[in-house]
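Structural overview for review
Each chain, written out:
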Amino acid sequence: MSTKNQNNKEEVDLGSLFVIIGKGFKNFFNFIGSIFKGIFHFLISILLFFKQHFKKFVIAALLGGIFGAYLESDSEDRYGSNLLVQPNFKSTLQLYKNISYYNELVKQEKVLLLASIFNIDTLKASGLKKFEITPVINNNDIINAYDQFILTVDTLTVSSYNFNQFKTSFTDYDYKLHDIVVEAEYNDVFNGLDKVIIASVINNNYFDRIKKLTNENLTRTDSLLRESLIKVDSLRQVYMRVMLEESKKEFTGTSIDLGGSKTTTKEIELFSTDIKINEELGLIAVDIGEKSEVINVISNFQTIGYEIKGITKNYIFILAGLSVFITLLVILFIDLNNYLNTYKKKP
């Protein structure tokens, strides 16, 4: 009898457990459902809000667009041109300062000074509207710079200064390529501007001295590597002759070992040295090509500039969007004010 009561008790406990689990699942799915219902209600509320005030937004967009069209018709055309450069010897900062200086002259309308600097007439100088320089973002520049950093510092420094820290300290000036943009009212003003911009940096005694020293060192290193390569090739030829002589002796039956295995090993080592020297010569050639000038010009300003267009530059689009946004803010403010007034009246 007691065993039967015990079995009934266990069945009751299991039943209660399943009921609890069932309620848990039910509550969980109800919670998930309430989230989707809340999202759906929120989206529907937004759609109803825009439906309610649709005419106001259309009127605001039309008024902003009309005013923007007036400004667009009254505004002058703008043209742009790009100069892509690769500064060397840490001359990037000076280049940025010079471009900033030219842009300040434009803002302050120093037409005579601009005409004098760029050797153009005052009419074209007055048409200069903007000077800007930005880096060409390339993550490989950061990786290559970090590799060079590792090679120049000790192991302790590397272990305490990881790549993420190095990346954080990497500035716009540290990128390899930089894009200079000039905007003007006339499309034929850009020819010759690049020479003045480049000359403003390279006509500097410090940069000129660094360039000469660097190129002398590179030329000297190139000569030494070429001399080493000639010596290595000569030694390889000697070892090849020795190996040929040994193979002839083996063929004739002479069993005198003149260190054939060592000769083979030496020849392999010389072959590896030959490859390394050629690789270093390749890198030196690249350095000489890149560092022969203070600033390498990758591409010059286009003789005839391109017309600056686009939605983000169009007054019709800008003012229409701005009008709609201001209207939205005003409506939200009015609705919030009405809600607060109603909330105060509640008991």
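The following refers to the structure shown. (Residues numbered from 1 in each chain as written. Predicted model: local features only at pLDDT ≥ 70, side-chain atom pairs only at ≥ 80, totals over all residues. Heavy atoms only, no water.)

1. Some thoughts on the packing of aromatic side chains
For clarity, the cut-off: Between 30 and 60 degrees the pair is tilted, below 30 it is stacked and above 60 it is edge-to-face, where a pair is any two Phe, Tyr or Trp rings, Trp via its six-membered ring, whose centres lie within 6.5 Å. Helix and strand assignments follow DSSP, with helices taken as H or I runs no shorter than four residues and strands as E runs no shorter than two, numbered in order from the N terminus. We call a residue buried when its accessible area falls under 20% of the maximum for its residue type, exposed when it is over 50%, and partly exposed in between, using a 1.4 Å probe and counting protein chains only.
Taken as a whole, this structure holds eight aromatic pairs when the rule is applied. Each ring, one from tyrosine 102 and one from phenylalanine 118, has its centre 5.0 Å from the other, and the planes form 65°; the classification is edge-to-face. Placement of tyrosine 102 in helix α3 (residues 92-107) and of phenylalanine 118 in helix α4 (residues 111-118) is noted, with a sequence separation of 16 residues between them. Measuring from centroid to centroid gives 5.0 Å for phenylalanine 170 and tyrosine 175, while their planes differ by 80°, and the two rings are edge-to-face. Across the pair, tyrosine 175 and phenylalanine 170 agree in class, each one buried.

2. Some words on the packing of α3 against α4
Helices that pack against each other are described as a pair by the angle of their axes relative to one another and the distance between those axes. To keep it simple, the criterion reads: What counts as an axis is a line fitted to C-alpha atoms, over the stretch in contact for a helix, and the angles between N-to-C directions run from 0 to 180 degrees. Each crossing gets its handedness from the near helix: less than a right angle anticlockwise from the far helix is left-handed, clockwise is right-handed. Residue contacts are counted whenever heavy atoms from the two residues lie within 4.5 Å of one another. Each residue is assigned to one class: nonpolar for Ala, Val, Leu, Ile, Met, Phe, Trp, Tyr, Cys and Pro, charged for Asp, Glu, Lys and Arg, and polar for all the others, Gly among them.
At a minimum axis separation of 8 Å, α3 and α4 run at an interaxial angle of 140°. For the pair α3 and α4, the sense of crossing is left-handed. Counted together, Tyr101, Tyr102, Leu105 and Val106 of α3 and Leu113, Leu114, Ile117 and Phe118 of α4 form the full contact between these two elements. For the contact of α3 with α4, a count of residues per class yields eight nonpolar, no polar and no charged.

3. Brief notes about α4
Going by this rule: This arc describes the spread of directions from the helix axis toward the C-beta atoms.
Among all positions in α4, only Leu114, Ala115 and Phe118 are buried. Buried residues in α4, looked at end-on, bunch into an arc of 100°, giving them a common side. Opposite its buried face, α4 presents the exposed residues Leu112 and Ser116, each directed more than 90 degrees away.

4. Considerations on helix α6 (residues 139-152)
An α-helical turn contains 3.6 residues, so a residue and the one three or four places further along point in the same direction. Quick note on the threshold: A helix is expected to span 1.5 Å multiplied by its residue count minus one.
Given a rise of 1.5 Å per residue, 14 residues ought to cover 20 Å, and the 20 Å separating the end C-alpha atoms of α6 matches this to within 8%. Where α6 is concerned, the buried positions are Asp141, Ile142, Tyr146 and Phe149. All buried residues of α6 fall inside an arc of 130° around its axis, so they share one side. Among the exposed residues of α6, those pointing more than 90 degrees away from its buried face are Gln148 and Leu151.

5. So, the side chain of serine 81
The line we're drawing: Nitrogen and oxygen atoms within 3.5 Å of one another constitute a polar contact, given that in protein one can donate a hydrogen and the other can accept it, and given that sequence-neighbouring residues count only through two side-chain atoms.
Looking at the element boundaries, serine 81 is found in strand β1 (residues 79-87). A residue is classified by how much of its surface remains accessible, and serine 81, at 0% relative accessible area, is buried. Here glutamine 302 takes part through its side chain, which lies 2.5 Å from a polar atom of the side chain of serine 81. Excluding residues within four positions of it along the chain, serine 81 makes contact with Ile180, Val181, Val182, Phe190, Phe301, Gln302 and Tyr306.

6. Here we look at a nonpolar patch on the surface
Rule in force here: The patch calculation keeps residues exceeding 30% relative accessible area without a salt bridge and links them within 9 Å when they carry like charges or within 5 Å when they are nonpolar (Val, Leu, Ile, Met, Phe, Trp, Tyr). To be clear on the numbers: accessible area is Shrake-Rupley with a 1.4 Å probe, and residue cover counts the displayed protein chains and nothing else. Here a salt bridge means any side-chain nitrogen of Lys or Arg lying within 4 Å of a carboxyl oxygen belonging to Asp or Glu.
Together, Phe31, Ile35, Phe36, Ile39, Phe42, Leu43, Ile46 and Phe50 make up an exposed nonpolar region whose accessible area comes to about 800 Å². On the secondary structure map, leucine 43 appears in helix α1 (residues 2-52).

7. As for the layout of surface pockets
How we decide: The definitions used throughout rest on a 1 Å grid laid over the protein atoms alone, on which a cavity is an enclosed set of points accommodating a 1.4 Å probe that cannot get out and a pocket is an open set flanked by protein within 12 Å on both sides along at least five of seven lines; lining residues are those having an atom within 4 Å of a point. Grid points are joined across faces, edges and corners, and a volume is the space filled by probe spheres set on the points.
Taken as a whole, the largest pocket encloses approximately 1200 Å³ of empty space. Elements supplying a minimum of two residues to the lining of the largest pocket: β1, α3, α6, α8 (163-169) and α11 (260-290). Considered class by class, the residues forming the lining of the largest pocket number 13 nonpolar, six polar and nine charged.

8. Structural notes on the pattern of salt bridges
All told, the structure shown has seven salt bridges when counted by the stated rule. A salt bridge links lysine 124 to aspartate 188; the nearest nitrogen and oxygen atoms lie 3.7 Å apart. Of this pair, lysine 124 sits in helix α5 (residues 122-126) while aspartate 188 sits in the loop between β3 (178-184) and α9 (193-202), and the two are 64 residues apart along the sequence. Using a relative accessible area of 25% as the deciding quantity, one classes lysine 124 as partly exposed. Note that lysine 212 and aspartate 208 form a salt bridge whose closest N and O atoms lie 3.6 Å from each other. Separated by four residues within a single helix, lysine 212 and aspartate 208 lie in helix α10 (residues 205-251), roughly one turn from each other.

9. As for the packing of α3 against α9
Our working rule: Note on terminology: angles under 35 degrees are roughly parallel, angles over 145 are roughly antiparallel, angles of 65 to 115 are roughly perpendicular, and the others are oblique.
Closest axis-to-axis distance for the α3/α9 pair is 9 Å, and the angle between their directions is 130°. Judged on the interaxial angle alone, α9 and α3 are oblique. Note on packing geometry: the crossing formed by α3 with α9 is right-handed. Contact residues: α3 offers Gln94, Leu95, Asn98, Ile99 and Tyr102, while α9 offers Val196, Ile197, Ser200 and Val201. Grouping the amino acids of the contact of α3 with α9 by side-chain chemistry returns six nonpolar, three polar and no charged.

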